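Residue-level structure breakdown
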Amino acid sequence: MLESGLLEIVKGIGKMFLNPLFYWIFILIIVTGMKRIKREREDFGIKIYNLSSEWKNTFWLSIIVGLLLSAFTLGVGVTLTYPVILLFGLITILISITGRINLLSASYILGITYLVLMFVPEWINIETILPFHIHTDVHLSGLVSLLALLLLAESILLFSSRNDVTYPELTLSKRGIWVGQHHLKKLTVIPFFSLVPTGSLTPFADFWPYFTLNGETYGLVLTPFILGFDHIVRAQHPSFAAKKLARSTLLLSFLVAALAVGSIYYSLFSFIAVLCAILGREWINYRFRINEQNKPGYFQSTDRALKVLAVLPDSPADRLGIHVGTLITKVNGKKVSQPESFYHALQTSGAFFKLEIINREGEIELLQGAWYEGDHHGLGLLFVSTPHDHEHLNVSNGEG
């Protein structure tokens, strides 16, 4: 039994490399990073974060969540078929081609998969389009249980983003002035094992596998699942936004999990769970977007201080521990409230500089440091200003 189990694990890992979704994640990370870097150069004239930043710092989280998810799917016995695995992989690719990372939620990917399995085969002869038989047996309660657990993983990813990198950009407000905002954005892949019909594993108890497809033997397959989100934060600190979104997503996962349990006894609950997952995710996104639009911008400076929009990695400001949202009140003893006055005051510092700041807790701090060769001329601090490309366009047109 142990030997056959180890053999199935090795075979299951090998099968992952036959899944197009495994390779698509690398393409998606590169394309997402390139689009962001292009926007960073247009707004600030520099690249702020590296190409794979959206995926960075998610590796161990994805491995731990994947192991926990595998423990559930194998312990309970969630059985999927290859067509179903390929189907939600195809749906993931089609969704991500649009460039809307916010649609890479389990609510949409597995929700659409469920609806396709339930209704599309009844409407059209989809087998003439896809290279596999789609109208296959699938235990819908098992699929919905995966949906609930992946929503839980999504909330964990949001919670972990509270102190992580977010991505600044400049945009025009309704009043026609430039304002700052951040993208709370992450991409990760959750690899988990599930059972598939036919293999060397045989049931070891009467209840296993619980979500069975009436098979006599089972194999393993390691399935990659892409999770992502992208929320525009304009009216609050990104860490507060991440916490609120994580809590809402966590509550949604609990609701879907409760309905998934109910679907074991009453199959209609699986359909209700999918509707709740999709509509709940839409409601969370809508409510967050409306709240952001109806509140004043968080990154606006005042007459007494200059608010930090972003901090370049490994810059003097980063070494001093200055964070997004910090207020700069004085530079070398001079009051600053505009980027121009900030840069002018820095030029009088010589080899050293002094800053007076107000941190996120509202406390005044005095910071000082020394210039080193290669340091960014603005200490690595970015503020709301006219976009870099906009300034260059004005100069080339004779307006600068």
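Predicted, not measured: the structure shown is a model, and the values here were computed from it.

Attention now moves to the overall build of the protein chain. For the protein chain, the helix and strand inventory stands at 11 helices and 10 strands. Partitioning the intrachain contacts of the protein chain with sequence separation of at least 6 by distance along the chain shows that 72% fall at a separation of at least 24.

According to UniProt, the "transmembrane region" (unreviewed entry) feature falls on residues 20-37, 58-76, 82-101, 138-159 and 250-280. The distance separating the terminal C-alpha atoms of residues 58-76 is 27 Å; by composition the span is 95% helix and 0% strand.

Running from N to C, helix α2 (residues 20-44) and helix α4 (residues 82-97) cross one another at 15 degrees; their axes reach a closest spacing of 10 Å. By the criterion of interaxial angle, the relationship of α2 to α4 is roughly parallel. In this structure, the crossing between α2 and α4 has a hand that is left-handed. Here Pro20, Leu21, Trp24 and Leu28 of α2 come into contact with α4, specifically with Leu86, Gly89, Thr92, Ile93, Ser96 and Ile97.

Per the stated rule, a full pass over the model turns up 6 salt bridges. Aspartate 43 serves as the salt-bridge partner of arginine 39, at 3.1 Å between the closest nitrogen and oxygen. Taken as a pair, arginine 39 and aspartate 43 lie in helix α2 at a separation of 4 residues, close to a single helical turn. Take arginine 39: its relative accessible area is 30%, and that puts it in the partly exposed class. On the accessibility criterion, aspartate 43 (5% relative accessible area) is buried.

Quick notes on the rules
- Residues numbered from 1 in each chain as written.
- Predicted model: local features only at pLDDT ≥ 70, side-chain atom pairs only at ≥ 80, totals over all residues.
- Heavy atoms only, no water.
- Helix = DSSP H or I, 4+ residues; strand = E, 2+ residues; numbered from the N terminus.
- Contact = heavy atoms within 4.5 Å.
- UniProt positions renumbered as here; feature names shortened; annotations may be inferred.
- Axes fitted to C-alpha atoms, helices over the stretch in contact; angles between N-to-C directions.
- Parallel < 35°, antiparallel > 145°, perpendicular 65-115°, else oblique.
- Left-handed = near helix turned anticlockwise from the far one by under 90°.
- Salt bridge = Lys/Arg side-chain N within 4 Å of Asp/Glu carboxyl O.
- Buried < 20%, exposed > 50% of the residue type's maximum accessible area, 1.4 Å probe, protein only.

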